[in-house]
Amino acid sequence: MEVNLTRASSPQRLEPIRHVDAGVLSIAYYDAGPVDGPVVMLMHGFPYDIHSFVDVAPLLAAQGCRVIVPYLRGYGPTRFRDTATPRSGEQAAVGADLIALIDALGVPRAVFAGYDWGGRAACVGAALWPGRCTGLVSVNSYLIQDIARAMVPAKPEREVPLWYQYYFQLERGRAGLAANRREIARILWQQWSPNWHFDDATFARSAVAFDNPDYVDVVIHSYRHRFGLADGDPRYADLQRRLAALPAITVPTITLDGASDGVAPATDGTSTAAKFTGPRTHRIIPRAGHNLPQEAPEAFAAAVMELIKG
């Protein structure tokens, strides 16, 4: 599929925003399309927000899907319901949030689709709750973290793009994120999507989501936990034990890589093939970077619709 990165994404906002109590969160989400259509959960990543799907959501709604796009924990208007709840960013937590949301909305099954943190939530949901997932679209393939091997170094050229993860291990990095959350995000957007020429308004629309009072704590915990350097929230300990086994994903899956992804280089998909024991198709999207749904919305939406149509 031809990817047009010369046009700007829609300047619209995904509105109105609704709210629902779901597990430990009051989740803010966008909901579009017919209420009786097949449900698609669109899950954003770091450091982005629901507007990664500003063009995907209407494409899917126009084809009869009910599209639900939540702000993840620590982003936008989503809030923790109890001030005492640990501000965890661990993979088990974001996966559990996805299931809590569909439970709260009375959604029995849905396509789970996302990238980065949202892709990880989708992979966790598909692996641990396959009965709730009709299909998976995941950018960068299998995203469940192998924390036991987190300290095994990669090749130097793969380590360089991960500078922010190492920065966040230090209290200097926490202070830097608190003081410069927009500046850090803009640098990452530019490094991760070198062919995506977003404008100031597009960035500003998403950057508001980083003003969430829990953003820094959730982000720092996420990047420390994945290296085994921070304890998880005890409420997710059983889920995390199950994830430590790197469970296979059995549901029909389409994995996508951006050919110009500046943080997770595109692969042919063979290295993770064993983790997908159901039908799986892998595609590389020309010129697209890490924020693939916003850079190549037609390709992302087409993958979702392929799963829905079977």
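Now for a description of the structure that goes with this document.

Thresholds, definitions, all that
- Residues numbered from 1 in each chain as written.
- Predicted model: local features only at pLDDT ≥ 70, side-chain atom pairs only at ≥ 80, totals over all residues.
- Heavy atoms only, no water.
- Axes fitted to C-alpha atoms, helices over the stretch in contact; angles between N-to-C directions.
- Helix = DSSP H or I, 4+ residues; strand = E, 2+ residues; numbered from the N terminus.
- Parallel < 35°, antiparallel > 145°, perpendicular 65-115°, else oblique.
- Contact = heavy atoms within 4.5 Å.
- Nonpolar A, V, L, I, M, F, W, Y, C, P; charged D, E, K, R; others polar.
- Expected span 1.5 Å × (residues − 1).
- Buried < 20%, exposed > 50% of the residue type's maximum accessible area, 1.4 Å probe, protein only.
- 1 Å grid on protein atoms, 1.4 Å probe; cavity = no way out; pocket = protein on both sides within 12 Å on 5 of 7 lines; lining within 4 Å.
- Points joined across faces, edges and corners; volume = space filled by probe spheres on them.
- Pairing = 2+ DSSP bridges.

**Regarding the packing of helix α6 (residues 171-179) against helix α7 (residues 181-192)**
(1) Moving on: Two elements in contact, α6 and α7, have axes whose closest approach is 5 Å; the angle formed by their N-to-C orientations is 95°. The orientation of α6 with respect to α7, classified from their angle, is roughly perpendicular. Across the interface between the two elements, G176, L177, A178 and A179 from α6 touch R181, E183 and I184 from α7.
(2) Moving on: For the contact of α6 with α7, the per-class residue count stands at four nonpolar, one polar and two charged.

**What about helix α3 (residues 116-128)?**
(1) Moving on: Here α3 is 13 residues long and its end C-alpha atoms lie 18 Å apart, about the 18 Å a rise of 1.5 Å per residue gives.
(2) Moving on: Burial analysis of α3 places 13 of its 13 residues in the buried class, which makes it a mostly covered element.

**Looking at the layout of surface pockets**
(1) Moving on: Taken as a whole, the largest pocket encloses approximately 1300 Å³ of empty space.
(2) Moving on: If you trace the largest pocket, you find 36 residues lining it, with R120, Y142, L143, R158 and L162 closest to the centre.
(3) Moving on: Those elements giving two or more residues to the lining of the largest pocket turn out to be α3, α4 (156-159) and α5 (163-167).
(4) Moving on: Residues that form the lining of the largest pocket fall into these classes: 19 nonpolar, eight polar and nine charged.

**Let's talk about empty space enclosed by the protein**
(1) Moving on: Tallied over the entire structure, the rule returns two cavities of 30 Å³ or more.
(2) Moving on: Every residue along the wall of the largest cavity is listed here: L25, I27, M43, P70, Y71, L72, R73, V94, D97, L98 and L101.
(3) Moving on: Contributions of two or more residues to the lining of the largest cavity are made by β2 (25-32) and α2 (91-104).
(4) Moving on: Partitioning the lining of the largest cavity into residue classes produces nine nonpolar, no polar and two charged.

**A look at the pairing of strand β3 (residues 39-43)**
(1) Moving on: With five of five residues buried, β3 is to be regarded as a mostly interior element.
(2) Moving on: Burial of the side chains of β3 extends over both faces: V39, M41 and M43 are buried on one face and V40 and L42 on the other.
(3) Moving on: Pairing of β3 with strand β4 (residues 66-70) involves three bridges; the strand directions are parallel. Across the sheet, residue V39 finds its bridge partner in β4, namely R66.

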